[in-house]
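One letter stands for each residue in the lines below.
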Amino acid sequence: MADEKKGIIYTILTYAMWGVLPIYWKQLGHVPSDEILAARIFWAFWVTVAFIFVIGGHKKLFADLKSLWKSKKAFFTLMLASYLITLNWFLYIFAVTNDRIVETSMAYYINPLVSMLLGVFFLKEKLTPAIKIAFVLAAIGVGILTISYGAFPWMALGMAFSFAFYGLIKKTIKLNALRGLALETLFVLPVATAFYVYLFVIDRAAFTTVNIETDGLLILSGAVTALPLVLFATGAPLIPMYMIGFLQYIAPTMMLIIGVLMYGEEFNRTSLISFSFIWVALILFTASKMAEARKIRREKVSNPIAYSKKQ
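Here the structure is a predicted model, which is why all the values come from computation and not from measurement.

Right, let's get into empty space enclosed by the protein. Under the criterion given, the structure shown has 1 cavity of 30 Å³ or more. Space inside the largest cavity adds up to approximately 30 Å³. If you trace the largest cavity, you find it lined by Ile41, Ser82, Ile85, Thr86, Trp89, Leu181, Glu184, Thr185 and Val188. Mapped onto the lining of the largest cavity, the elements with two or more residues apiece are α4 (72-97) and α8 (177-201).

With their axes 11 Å apart at the nearest point, α8 and helix α9 (residues 212-235) run at an angle of 160° to one another. Taken together, α8 and α9 sit at an angle that is classed as roughly antiparallel. The chirality of how α8 crosses α9 is right-handed. Here Ala177, Leu178, Leu181 and Tyr196 of α8 lie close against α9, whose contacting residues are Leu218, Thr225, Ala226, Leu229, Val230 and Ala233. Of the residues contributing to the contact of α8 with α9, the split by class is 9 nonpolar, 1 polar and no charged.

Structurally, the position occupied by Ser82 is in helix α4. With relative accessibility at 0%, the residue Ser82 sits in the buried group. From its side chain, Ser82 meets the backbone oxygen of Met79 in a polar contact 2.5 Å long. Once residues within four sequence positions are removed from consideration, Ser82 is found in contact with Glu184, Phe187 and Val188.

So, how was this worked out
- Residues numbered from 1 in each chain as written.
- Predicted model: local features only at pLDDT ≥ 70, side-chain atom pairs only at ≥ 80, totals over all residues.
- Heavy atoms only, no water.
- 1 Å grid on protein atoms, 1.4 Å probe; cavity = no way out; pocket = protein on both sides within 12 Å on 5 of 7 lines; lining within 4 Å.
- Points joined across faces, edges and corners; volume = space filled by probe spheres on them.
- Helix = DSSP H or I, 4+ residues; strand = E, 2+ residues; numbered from the N terminus.
- Axes fitted to C-alpha atoms, helices over the stretch in contact; angles between N-to-C directions.
- Parallel < 35°, antiparallel > 145°, perpendicular 65-115°, else oblique.
- Left-handed = near helix turned anticlockwise from the far one by under 90°.
- Contact = heavy atoms within 4.5 Å.
- Nonpolar A, V, L, I, M, F, W, Y, C, P; charged D, E, K, R; others polar.
- Buried < 20%, exposed > 50% of the residue type's maximum accessible area, 1.4 Å probe, protein only.
- Polar contact = N/O pair within 3.5 Å; in protein donor to acceptor, adjacent residues only side chain to side chain.

As structure tokens, this is what we get:
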């Protein structure tokens, strides 16, 4: 029980940090999104690698890299995952720095449903009646928002789908979260570095040319990226999956509150109706997954041999 409590605390801290990240990126609103992304990749790689060396995990990192190189399929699959998460980061940073934090919250609310949808198509997972209803309700919510905006919420859906595909790919490659971040950023590092060189050549780089506060925030973006992953990697294995699924809504809820109350983004009656459909969908989805997890746990306890045969 003590371990589970630690896991809950670490996981709550993880999602709380992700929830307040819009405030951090807002401080860099004067820097173009593409440069923030390049800085995040560059510094995340070096901060993560440095931390891995400090905790003595460098041998495992080299072993992971060697193992990936031996399996070309795993190598290029992880490369694809790294570019998907890079796309997700760009859309997220662009949305936050362009006063669309509410839309980012919507993306991470619907992400679990999108992930389940991909599971149906690619992993042949089955949907319960409750989850089918949840999909319909979420679709209605997105539809209402589309009509009220007069434009398709491509930003929110782009974030949700890029992250869901990233998660789907990562299911096929078992890597420690911290070492995984180092390897994923390594794949994109040459592009990010080359782009930064290009920015300096055309005299468009904000780094070292604006002020020391901007430089500090860009450098710290690496730690801001890595620290929540360290917490998550520590806490997630200590608690059940259904609890992780429940706690993950902390982040988009905080984003929504920050967007509306701190930065005055619009959240009118139509937005409330749209989000209400999505919230009800998530309640159904979470309740269904929790019931499923409890059923599996009961089967494990009551008849472990029969359960192992089913697996």
